[in-house]
Structures are given as C-alpha cells and as structure tokens.
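# Examination of the molecular architecture
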Amino acid sequence: MEYPRGAFKDRPREAGKEGPHRATRAGQAVSDGRRIMTADEVRRATVRIAHEIVEKQAGTEGLALVGIQRRGVPLARRLADAIAENEGVRLPAGALDITFYRDDLSLVAHQPVVKGTDLPFDLNGLTVVVVDDVLYTGRTIRAAMDALMDFGRPRAIRLAVLVDRGHRELPIRADHVGKNVPTSRDEIVKVLVEEIDGEDGVAIERLVAAHL
Amino acid sequence: MSDRDPGAEPIVVGADAPAWRHRHLLDVDVLAADEIDLVMRTADAMKGILARPIAKVPALRGRNVTIIFWEASTRTRVSFEVAAKNLSADVVNIAASTSSVTKGESLVDTIRTVQALGAQMLVMRHGTSGAPYLAAEHFDGHVLNGGDGWHAHPTQALLDLYTMRERLPGGSIAGRKVVILGDILHSRVARSNIWSLTAAGADLWLCGPSTLLRGLDRWGGRAAGFPGHGRFTVTSDVDAALRDADVVMALRIQKERMDSGLLPSLREYTARFGLTLDRLAAAKPDALVMHPGPMNEGVEIDPAVVALDRAVIEDQVTNGVAVRMALLYLLAGVHGAEGAHDAA
Amino acid sequence: MPREPRPSAKTGRRGGALQVGATLADLEISRAWLVDPFAGREGAGEIVVRDGEIAGVTWLTGAAAKGVDASGVIVAPGFLDLHVHLREPGFEDAETVATGLAAAAHGGFTRVCAMANTSPAIDGAAVVGLVRAAAAASGSPVALEIVGAVSAGRAGEKLAALGEMTDAGVVGFSDDGAPVKGPVLLAHALRYAGMLGRPIVEHAEDTALTSGAEANEGLVASVLGLRGWPAAAEEAVVARDLAILADVVRDVPGARLHLTHLSTAGALDLVRRAKAAGLPVTCDVTPHHLALADEWIAGARRWAWEAVDGAGARRDPVGAGAPVARDPWTDAAIVAEPFDPDLRVNPPLRDPADAAAVRAALRDGTADAVATDHAPHTLVDKEVEFGLAANGISGIETALGVLLAAVDAGELTLAAAMAALTSGPAGVLGAWTGRPVAAGLKVGAPADLVLFDRGESWTVTPASLRSKGKNTPLAGRALPGRVLLTVAAGRIAFSDLD
C-alpha cells in the first residue's frame, strides 16, 4: 500500500531550545581588503559634498538631510555639521530605516533587524537629501524613496553618497558623490565611520566562496 | 560594514542581533530569551509604523496570508487581519465551521487545499489541542498558531509580555509578581503565558477554583523547573495570590463551566474570585490589570476595575496588532526547512 | 554480543520452498538458543522438524553448547495473542482477516484471539462463521480464535447469543472497544458465560470519567492542554468488576473475568490482591503500556524505563520504593514534534511510573500475558487532530521487538518475556475454554514455533509491516529481534529464511 507523505517521516522538533545562533554572511567570507579612501579623504569628501549641496540648492532654505540606517545616519549628521560651520544654519537631519521597504524578502535568509526611523520634522514641501554610504544597484535608494513618501510629500528628493561603485539595476543616479570607484560584482565596498566602526575609511574586499 | 544594496549580497545582521529561525510559530515554548527580545524589538518598530500617518509598509507585499478560524473569534481574527494588511499582505479569510470536521473534511485536506489556492502564510485557530502541529507538517509555508484547544496561544502570550514590558516601571518582568486569575484549566492563554512569563523571570501565580486548576499543580510544583523556566505557584487562595502583585490578569469564565459541574454558579465565582477594587487593593498600588478578552464585566472582573487607568486592556489590543505584525514579518524571512541556511 | 558469524545456529533443510501455508517438510536448526516456557527451560539446543512435526529436541551441554547463547538465533514456541482487532467484517479498509493473520505471523504469532467490534459485531454464530470462512480462505495456518460480543450488537443492552456462539467455538465474550455497559449487564454476563464455561473479557473504562478525554491525566496532559483521562476511570471499573465477580462466583463457580490491557499501577494492584484472595481473574498488559509513556505525546522518544528514577525499586511496584516518573522537559528529552496521533490509544499511554508497574506485574505474575491489542486503522482515521484520531496502535508486528528491548534493558528476563507471549496467554486461553491450546517444543507435537535472530535489528517502516494498519508510533525506530520463520500447526506462516 502506498503511504502518503508525512505519515512516517521523522519529525525533528523545531530546534528552538538550543539557544540563539548568530547570523553569518551566508555562503561567503571576506578576504582582507585594500584601502581606497583614508580618513582624511573621507573628511575632505564630506566637506566638499556639503558645499555642493548648498551650492546646488542655492542656499539652505527648505533643505533637510536624511541618512539611511546605518552608516548613512552619521554621514548625514556630518554633512549637517559641515553646513552649519560654513553657512551658520543647522539643517534638520533624520534617520531612515528602509527595512520594511526592501524588495528582496525572498532572497534573504532572515529578516534584517529593524534599526528605527527618526524623522523629527515635517517632510512636506522640503527638499530632502538622502544620504547613504555606498550607491550600488540602486534598490536601497528606491526603497528609501518609497519610505519617505509614506511620511509626507517632499518638494524634491536628492541623493548624496560617499562612494558610487556602479552596477546600477535601476534608473537612479546620485546628485553628490564623494568618490566614484570602479568595482566588480564579486567585490564588497566597506565604508567605516568612526561613530560605528571606531575609524573612518573605505576599503574594497573580494568575496571568496566559503569553505563550508 | 558593507554597502547593503538589497538583492546584491546577503544581509549581514549585526553581530549582537539574534537571527529569527523559526519557520512556524506554534507555541512560545520553543523561543529562547533573546528570540523573545527580538520579537519585542520588532514589535517596537511596528508600533512606530502604527503611529505614522500612513500605517502601512510594503514588507509583505504580494504575500498571501490566509486566516482560517475553526473556532469563532472576532478580535483575534481581526487583529491578525489588520496586522497582515498593515504589512501589505493579501489577506484571505476563511471561516471554517467545525461541522466540516464531522462531515469528514479533514484538516490535512483543508490545508492542502488552501495551499493549492496560494496560501503562503497560514494563521489558524482550532478547537483541538495540537492541530497546528498537524497543519505545519503538511503546509509548505508558515503556520502561525492563533490558538489551539487548551494548548497554546502564542501571540497572546507575546502581546501580554509586550504590554507588561511597556507598562511596568523599568520595563522588566524579572522578579515581578504576575497573577493569572480564573479558569486556568481550559485556558490556552494561561498555558502559553506560563512559558513566556517564567522564562522572563516573573514570579507567576495561577489562581482559581480547584476544579479549574486541575493538574496545574503538578506542573507548577516541578522542583527543578523546565529548562530556563522557574517554578510558579498554583493556589485557590485569591488573597494570597493578589498580595503585592505587580500584574493581575483575569481570564474569562464561561457559562459552560457550570453546566459541566465545575462551578456551582457564576454568582459564587464572582463572590469568591471576581476581580474587584476591594480585592485589587491587596496588590501593589500601581498594579497593572489585564484581560485577554472577551470580558464578562461584572463576572470575572468588576467594571470599576476595568475603568482604572492602570487597566491596560485596550493597550493589549493595540499591542496585539504590533506583535502580530512583528511575527508575520519575522516568519516571512525564514525559508525552507528550519535552519536549512545554517549550513552556510 | 558476538554477531559474526551470524547466527550461532545453522538451519538446514531438504527440498521444498518455504511457502506460506505449506507444511514444513524438513528443518534442522542446530546450535540455537531454545526457550520453552512450557517446560520452564532455556538453553543451547537443536531442533528437528519433519513433515510438520517436531521430530527432535536436543538440549546441548558442555563443550557442545559452547559459543551458543541467547544473543543469536532463538527458537521459541509460537506466540499467542489474546487481543487483536482484525476489522473484518466491516472495516476491511483498515485490516482483513488475511492481512491481520499475515501480520501476526510476521510478528511471530501462531494463534490470535480476534475481538468482536466489527460491523456487524460478532454477536452470533453467523458472523462467527463469516470470520472463520475468511480465515480459511486466507490460507494462513495461524489459528484464529474468536471472542464474541457480550451484548447484542455491542449495544450494551441485552445479552448476545452467548450459547449459540459457544457452540460455534468462540473462546470468550467481550464488548471490547467499550466496557460491558453497566454493572447489571456485567453480572448477568458473568453468570451466563460462567454457565457456558467461558470468560468475560473486560475493557475496563468508566466512560463517564473519560468523556472527551485525550491523554493520561497528568503532567503531560496539563502542559499540552489535552483533556485528562484519569487512572480512576480504569481502576473504578476494575474494582467494581472484581466485587461483582466475587459475588457471582459464589453461585456460579465457572464464572471467570479477564481484564484486558490494564495500564495503571492501581488497577494492577487490585488484580494482585484479587488473585491473592483466590478470585478467578486473569489479566493482560500491552507492549505499548509497558514500554512507552505519555511523554511521547510531548515529543519524548525514550523507553519508559529510561524515564523513571528508582531502578532498585523494580521488584516493588507500589511500595515506598516505587519508581518515580521523570519529566521530559527537565531531562531535555523532547526530540520530536508533539501530538503524534499514532500515540492515541485506549487506554492512553500512562506515565512512566505506571509503565514500571506494568512491567512489575509481568514479573510477579499479576499480569498473566502480554496481548498486543493490535488495532489497525486507516490513514483517514489517524492522520487527523490528536483529539479526533481513532484510538489504537498497530502493534502485533512490533510486540517482540518491544519486549526484547525491555529484556536488553534488564527490565524482564528473556524467559519472562517469552512466557508472556507463550505459556502465559496459553494458560489463560486454556482456562477460558477448559482445553489446553499449546504444548511448547515437544517431540511428536505439530511444530508451532518461531525462529528469530535477536542480534539482528529491523527498522519499522510502512513497507515492513504486513498489517494494513501503519499506525505505529515506533515508525522509523530500529527494534531488536528479526523474525526469520514462523511455523503454525506444522505449516509455514511466515518465512524470511531465503
């Protein structure tokens, strides 16, 4: 007699009792990288972008900065600091978590941990400069724009990134770029910021297949 | 530490964050303490979404969440529905009658049918303890238990925990005296709360008439306790239970309990176990009052108690949506067999 | 255990395929371990079968016995099961007489007693004839005994045709599946059946106490939220039945009561005391109640003897040193998903201390036999919510393995385990009918024996079971003791020798 599935298979218990495990980069490991921006270069690029933003928007009126979690957030704050120093005006700065707007739910092994959105100002009618560390496929920015729209109707959205590494998958470009870096897809661009990583800098690392 | 353009490379979860790895949520007994923490923090984010002008995010866009309740319930079903819709899921609601069981329509058959109809996440309530385990065995997606028999009601336990953490000073349950008062025997809410509250370090008391505590003392009296879980106290002495309590949760008393001879009358229950202002005076002055609903005001809980500021019954309802959003979101991120990705 | 070369015994035969139903023309088993509970003897030996009869039994001693022990091939009298459900007529989708007898032979059984809860119930000579015809048509040499219903249609109202069925050869009466309904009917049945020289076989359950019940009342049921099935439901009926028996037997000395599938320490203790008081009562216990416990429903998968404290208390099932059940959560013994419907059985799996009492009752003779309560069910009836699943375990093919596991654990001696499957139930059946039913390994008697390799394990899978009922919680588990040959009344019932 043919016996339907399920009836006789071992039923291993949900392995919930052995305590937590830590997520790792699935199937991949990172080799040692090569530094492409020093701390000083990061600082100079930030200052230059701050000037560009004010120049391009002809002043600071109606401007706001929104950093994408996580490393976009300290970068946005630094831009706000630099603009305050140059122009004497403190732009509103916020943090945006795009976790719930990602389009790759089916590609990730686990849901990313939510880090939180903090937009302590009304977006309506403002020109919002979205700040992130690296621009790559453009999907993060797409998600960020969707998320922003749920908070209000900005007059315009601009984009500032520290590194543009190419390989766009969507028709998105940055208005302000710290450094254009040609990369291949099997490389990772690592941005370090002092507030999170204890130092500033940018490195390129090569992905290697994990021996697992 | 990397660019994280989605779709391009795997997500790196912070080294301090536990990853969620349960494909189904059938009970809270399988959740480790840091996994419960993750649910709580994710629910925080969901509450943030609920506070927005547009309380909706596209996280589950295109996902089919099918809600099947074999037992009548409005509040839990609607809570799940709102939660799923806030995450932009497509919601299919099925009111399955228990009579389909007697007609020979098997649970397994129903599960296979809704799967063929495109269900990817299944929220189910069933009158038979353990039914979601059978469903999970035959369903390729995710099963979320919305209550099974007397056995478990994990989302209720987690929303209760969330509400306590939110409202207790210091946000910690450890060492707090939590009293669950009423019909413990028939309560899946109590059973799931036993796991989550003892895991959180609460000083848990279960109180009710002896007929409605049957068998619970054998569980509570475990000397060593279950792994990671402390003991709890089982008593019919309502004054001892309420003395210096930090949280008092009353459970619904159903009329059927008298028909089956477990209680002489509702009047007698109210007189001896009803949560009144007088009785509550024995608890701490700021003790929280909770109730999983639906309430029989005037029976297990006095309307004057419900009216107190520290009665957080409506918070439980609101938090229920946030916690269910969090669970739907977390479950949706786990693919295939449990832990299959761990091979990496 | 020395396993090479397998086995220590050698079998030899001349010509003739080992075809089921054929007379075993010629078989010599040399250097095997013979166990004959009828003679109270076990040891190295040789056995010869010619033309279906045992032609020679030689017990080896000294140098000749060297190297032969109880870890290899064992020869024992064919097993006798006092309690099986063959489902025919009426539920042939779950089992037929033919598949049930094939399953019995695969389990080493050469004689089984089929219960009456078929549809229609076996409550008259006509249905008895139907079942006998099915057995004859199956070609199986396994002897089929029939237990008729106590009440007409098993409805619990009036007596079935007890006399007519006795004339048709039934060995006893039972409304199994349910208890004899009510004390009045039981008293009448005991008197009337006693007059006929037949026992009442009682399924002891107070159905008012078990209404809606799902699992043994205790820690596991409390944790899992399953409706409790109290031990009192069994014990109250046992106590009542014994009181009625004591009353009836004063007038009708031939009245006999057999309590089947007893599962609680309290019920067995009542029988222990009744036997000491000289009441004509016997009882059997099942493999699952002695080896499994309710914690399996929570997802534990250890033997019941691994779930008790107080190993030294084995000889004292009820005293101060009685075994104490451990809980699977504290022991981190939960290894499978909970609520496997294949664990739903009536009476329910009890707690490990009750299982220890069941084993103790086998050791001290309170329990006369192991009976499987083989209860095959279809997938449709079993692959459902735990509380809605049909009660019963398909167990006739796993009984030997379960008992051998208990022997391996030191819970039973091999002799006691074999006696529980052979001389024990034969004694009961003999007392029921007043005629002996088996002779053991006796020269000149028709060969009725089982040959199994204790050193070889087999894995329980749907395909490995001859029964149509695949409802066993032991699925996927390896059991010791593979049956190689079953011979019933000189004919081959099962063979895995070639």
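Definitions and limits used
- Residues numbered from 1 in each chain as written.
- Chains lettered and ligands numbered in written order.
- Predicted model: local features only at pLDDT ≥ 70, side-chain atom pairs only at ≥ 80, totals over all residues.
- Heavy atoms only, no water.
- Helix = DSSP H or I, 4+ residues; strand = E, 2+ residues; numbered from the N terminus.
- Contact = heavy atoms within 4.5 Å.
- Buried < 20%, exposed > 50% of the residue type's maximum accessible area, 1.4 Å probe, protein only.
- Buried area = accessible area lost by both parts, 1.4 Å probe.
- Salt bridge = Lys/Arg side-chain N within 4 Å of Asp/Glu carboxyl O.
- Polar contact = N/O pair within 3.5 Å; in protein donor to acceptor, adjacent residues only side chain to side chain.
- Axes fitted to C-alpha atoms, helices over the stretch in contact; angles between N-to-C directions.
- Parallel < 35°, antiparallel > 145°, perpendicular 65-115°, else oblique.
- Left-handed = near helix turned anticlockwise from the far one by under 90°.
- Nonpolar A, V, L, I, M, F, W, Y, C, P; charged D, E, K, R; others polar.
- Core = buried A, V, L, I, M, F, W, Y, C linked by side-chain atoms within 4.5 Å.
- Pairing = 2+ DSSP bridges.
- pLDDT = per-residue confidence, 0-100.

What chain B contains, in helices and strands, is 14 helices and nine strands. Taking the intrachain contacts of chain B between residues at least 6 apart in sequence as the baseline, contacts between residues at least 24 apart amount to 76%.

When helices and strands are counted, chain A shows four helices and nine strands. Ordered by position in the sequence, the α and β elements of chain A form the string β-β-α-β-α-β-β-α-β-β-β-α-β. With 212 residues in all, chain A has 54% of them scored as buried. A separation threshold of at least 6 residues defines the contact pool for chain A, and within that pool the share at least 24 residues apart is 70%.

Think of interface size as the accessible area that goes away when the parts come together; that is how it is often given. Of the residues lining the interface, 27 residues belong to chain B; the matching set on chain C comes to 23 residues. Buried surface at the junction of chain B and chain C, both sides included, amounts to about 2,100 Å², of which 60% is carbon and sulfur. The largest per-residue losses of area from chain B upon contact with chain C belong to Tyr-133, Trp-150 and Arg-218 of chain B, which jointly make up 21% of the total buried on that side. Here chain B and chain C share one salt bridge between them. Here Glu-217 of chain C makes a salt bridge to Arg-214 of chain B, at a shortest N to O gap of 2.6 Å. At the junction of chain B with chain C, the criterion picks out six residue pairs in polar contact (both at pLDDT 80 or more). Put simply, the parts of the chain that give the side of chain B that touches chain C at least two residues each are helix H4 (107–116), helix H5 (131–138), helix H7 (188–199) and helix H8 (216–220) of chain B. Counting residues per element, the side of chain B that touches chain C draws most heavily on H5 of chain B, which supplies four residues.

What follows is about the packing of H4 of chain B against H5 of chain B. Residues and elements named next belong to chain B. Two elements in contact, H4 and H5, have axes whose closest approach is 9 Å; the angle formed by their N-to-C orientations is 45°. Between H4 and H5, the crossing angle belongs to the class labelled oblique. When you trace H4 past H5, the crossing you get is right-handed. Listed contacts from H5 to Leu-107, Val-108, Ile-111, Arg-112 and Gln-115 of H4 are Ala-131, Leu-134, Ala-135 and His-138. In the contact of H4 with H5, the residues fall into six nonpolar, two polar and one charged.

Next up on the list: the pattern of salt bridges. Evaluated as defined, the whole model comprises 52 salt bridges over all chains. The partner of Arg-90 of chain A in a salt bridge is Asp-81 of chain A, and the shortest N-O contact between them spans 2.8 Å. Between Lys-190 of chain A and Glu-205 of chain A there is a salt bridge, and its shortest N-O distance comes to 3.1 Å. Of this pair, Lys-190 of chain A sits in strand S8 (residues 187–192) while Glu-205 of chain A sits in strand S9 (residues 201–209); the two residues are 15 residues apart in sequence, bridging distant segments of the chain. Connected through salt bridges with shared partners, the residues Glu-295, Arg-302, Asp-309, Arg-326 and Asp-331 of chain C form a single ionic network.

Our next topic: the nonpolar core. Within the largest apolar cluster, 233 residues are counted, with the highest numbers of intra-cluster contacts made by Phe-100 of chain A, Leu-158 and Leu-328 of chain B together with Leu-144, Ile-200 and Met-418 of chain C. Here this core takes eleven residues from helix H14 (residues 313–332) of chain B, the largest share from any one element. Ignoring any residue separated from it by four or fewer positions in sequence, one finds Leu-158 of chain B in contact with Leu-25, Val-28, Leu-31, Ile-36, Val-39, Met-40, Val-323 and Leu-327 of chain B. Ala-76, Leu-79, Ala-80 and Ala-82 of chain A belong to the second largest nonpolar core, which has 29 residues in total.

Quick look at the sheet that holds strand S1 (residues 64–69) of chain B now. Residues and elements named next belong to chain B. In spatial order, the strands read S2-S1-S3-S4; together these four strands make up an open sheet with parallel pairing. Looking at strand neighbours, the two that pair on one side only are strand S2 (90–95) and strand S4 (142–148), the edges of this open sheet. Ignoring which end each strand starts from, the neighbouring axes of this sheet average 15° apart. Of the strand pairs in this sheet, strand S3 (residues 121–126) and S4 are connected by five bridges, and their pairing is parallel. Residue pairing in the sheet places Val-123 in a bridge with Leu-144 of S4.

When pLDDT is averaged along chain A, the result is 82; 78% of the residues meet or exceed 70. Long-range and interchain partners of residues 1–31 of chain A, a stretch whose pLDDT sits below 50, account for 95 contacts in this model, where long-range means more than four residues apart.

All names here are of chain C. Burial analysis of strand S18 (residues 449–459) places eight of its eleven residues in the buried class, the great majority of the element. The pairing of strand S5 (residues 73–77) with S18 spans five bridges and is antiparallel. The residue bridging Ile-74 from the neighbouring strand is Phe-452, located in S18. Relative to strand S19 (residues 478–488), S18 runs antiparallel, the two being bridged by eight bridges. Within S19, the residue paired with Phe-452 across the bridge is Val-483.

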